[in-house]
Amino acid sequence: MKESQILKAYELAKERYAAIGVDTDKAVEQLEKQQISLHCWQTDDVVGFESGQALSGGIQTTGNYPGRARSIDEVRGDLEYVKTLLAGNHRVNLHEIYGDFKGKKVDRDQVGPEHFQSWMDWAKANNFKLDFNSTSFSHPKSGDLSLANPDPAIREFWIEHTKRCRRIADAMGKAQGDPCIMNIWVHDGSKDITVNRKYYRELLMQSLDEILEEKLPGMKSCVEAKLFGIGLESYTVGSMDFYEGYCASRKVIYTLDTGHYEPTENIADKVSSLLLYVPELMLHVSRPVRWDSDHVTIMNDQTLDFFKELVRADGLDRAHVGLDYFDASINRIGAYVIGARATQKCILSALLEPLAKLREYEADGRGFQRLALLEEAKTLPFGAVFDYFNYKNGVPVGEEFIPAIEKYEKEVTSKRK
Ligand code: RNT
Ligand code: ZN
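Worth saying up front: this structure is predicted, and the values here are computed from it rather than measured.

About the criteria used
- Residues numbered from 1 in each chain as written.
- Chains lettered and ligands numbered in written order.
- Predicted model: local features only at pLDDT ≥ 70, side-chain atom pairs only at ≥ 80, totals over all residues.
- Heavy atoms only, no water.
- Helix = DSSP H or I, 4+ residues; strand = E, 2+ residues; numbered from the N terminus.
- Buried < 20%, exposed > 50% of the residue type's maximum accessible area, 1.4 Å probe, protein only.
- Polar contact = N/O pair within 3.5 Å; in protein donor to acceptor, adjacent residues only side chain to side chain.
- Contact = heavy atoms within 4.5 Å.
- Donors = N, O, S within 2.8 Å, 3.2 Å for Na, K, Ca; no water.
- Tetrahedral: all angles 85-135°; square planar, octahedral: opposite > 155°, others 65-115°.
- Pairing = 2+ DSSP bridges.
- Axes fitted to C-alpha atoms, helices over the stretch in contact; angles between N-to-C directions.
- Near = heavy atom within 4 Å.
- Areas by Shrake-Rupley, 256 points an atom, 1.4 Å probe, with all protein chains shown as cover.
- Nonpolar A, V, L, I, M, F, W, Y, C, P; charged D, E, K, R; others polar.
- Left-handed = near helix turned anticlockwise from the far one by under 90°.

(A) Expanded view of the side chain of Asp78. Tracing the backbone through its elements, the reader meets Asp78 in helix H3 (residues 72-84). Residue Asp78 is classed as buried on the basis of its relative accessible area, which comes to 0%. Polar contacts involving the side chain of Asp78 include one to the side chain of Arg416, which spans 2.8 Å. Those residues in contact with Asp78 that sit more than four places away from it in its chain are Thr43, Ala69, Ile333, Tyr408, Thr413 and Arg416.

Rendered as structure tokens:
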């Protein structure tokens, strides 16, 4: 797109929004500051560098598009390239299995900050902040139960792993001068009916309490709830209710993955309740299609509503935005960028809502006016503002990122055999 067209369209959009009390410059500035935590696992189908073990633990990647990243350098190269196509400064979200183990077998109860030193150096050099995740899946000791395992030896193994991960996150946070957000998601559950629901939940609660005991100022911990896992359909220890209670009573950050709910559930409605009881939210932005399928995030009603609710609840500052999808059926880097940009679009759209006017109508009991403005807001020239945002930040505008991805595929990912 021509520079003059982008600027002309933006000026018109700015005037149009100003007429209903919305400052587009301010929204663009806010979006520029909004960091998105880029999940490293979109580059390599959640494989990592530990052992090449097949993905297990209730999650699954589908598709076999060529070009998967196979080494630490390839993952980093892909992330660096993704960065060139996104406006703003972002974060990288690592899983423990992406450690720099230098060809050595480092079991999960042996891992330490030294295995992430090269990541910290790389992040610093590339102006990324790091976030972190313990990894309970794809391991011989994973089974169906990890932190909730009745066998004390196995439970202890995962407690030790998670404690060590928190120390790694603490080291990352200290190195980057900004808290590293560490997510704890365990797949624990049961394929078929269990008659010990409460028992496993008690064990998980105790394990988490023990893990979170250590005060580590460089990091913040969050715990992720889930509806079900593949092969673990009948029972999930860390369900919504479990973690809502846990986070509210322990003042821990709640991780809300937009793929982890009933397909017809209105996830957006959870935001305002959770924010009353938990200190902050960690978001895993994803797109469920019939199940927790981790399709690439797009700008759809669910995601739009979700971010609108977050902005309406004044919660953007209390939410850490991360991505969590893994599509291996299309160009992975393209998938990455589509989802990250879609997330930015949804946030921008939420920031451009004529909220003051809508609230005025609501306070006055003017229901027709409120509904009319909500309807009209849908066709405001949002696209011109998003184009300007990308243009201003020197990244491809609109569909211009398609040839950029094609070039990277031709020169880099297609050569990975
Ligand atoms: C799984 C959870 C979890 C994982 C990542 C890889 O259902 O969403 O967040 O996707 O940790
Ligand atoms: Zn998730």
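(B) How the structure looks around the coordination of the zinc ion (ligand 2). Every protein donor of the zinc ion (ligand 2) is accounted for by Glu224 (OE), Asp257 (OD), His284 (ND1) and Asp324 (OD), and the metal-donor separations fall at 2.1 Å. Because the angles between the 6 donor atoms bound to the zinc ion (ligand 2) fall within 72 to 167 degrees, the donor set is best described as octahedral. Along the chain, the residues that donate to the zinc ion (ligand 2) are spaced as E-x32-D-x26-H-x39-D. In this pair, Glu224 is assigned in strand E6 (residues 219-224) and Asp257 in strand E8 (residues 253-257), connecting sequence segments 33 residues apart. Across the pair, Asp257 and Glu224 agree in class, each one buried.

(C) Highlighting the sheet that holds strand E12 (residues 319-323). The 8 strands lie next to each other as E1-E2-E3-E4-E6-E8-E9-E12, forming a closed barrel whose pairing is parallel. The mean inter-strand angle of the sheet, taken between neighbouring strand axes irrespective of direction, is 30 degrees. The sheet contact formed by E8 and strand E9 (residues 281-285) spans 4 bridges and is parallel. Across the sheet, Thr255 pairs through a bridge with Met282, a residue of E9.

(D) The arrangement of the pairing of strand E1 (residues 36-39) in detail. Both faces of E1 are covered, namely the face carrying Ile36 and Leu38 and the face carrying Ser37 and His39. Bridge count for E1 against E12 is 2 bridges, and the pairing is parallel. Looking across to E12, one finds that Ser37 is bridged to Gly322. Bridge count for E1 against strand E2 (residues 91-95) is 3 bridges, and the pairing is parallel. Looking at E2, one finds that His39 is bridged to Asn93.

(E) Representation of the site of ligand 1 in the model. Taken together, Trp41, Ile59, His95, Trp185, Glu224, Lys226, Asp257, His260, His284, Asp292, Asp324 and Phe326 make up the full set of residues near ligand 1. At a separation of 2.7 Å, an oxygen atom of ligand 1 approaches a polar side-chain atom of Glu224. Within the side chain of His260, one N or O atom sits 3.0 Å away from an oxygen atom of ligand 1. Coverage of ligand 1 by the protein amounts to 100% of the 310 Å² it exposes when considered alone. Its residues assigned to classes, the shell around ligand 1 comprises 4 nonpolar, 3 polar and 5 charged.

(F) The packing of helix H5 (residues 152-176) against helix H6 (residues 197-212), seen in detail. Packing of H5 against H6 brings their axes to within 9 Å, and their N-to-C directions diverge by 35 degrees. Classified by chirality, the crossing of H6 by H5 is right-handed. The segment H5 lies against H6, with Arg155, Glu156, Ile159, Thr162, Lys163 and Arg166 engaging Leu203, Ser207, Glu210, Ile211 and Leu212. Of the residues contributing to the contact of H5 with H6, the split by class is 4 nonpolar, 2 polar and 5 charged.

(G) Structural context of the environment of Leu38. Along the chain, the position of Leu38 falls in strand E1. The contact partners of Leu38, leaving out residues within four places of it in the chain, are Leu79, Val82, Leu86, His90, Arg91, Val92, Asn93, Phe128, Leu323, Tyr336 and Ala340.

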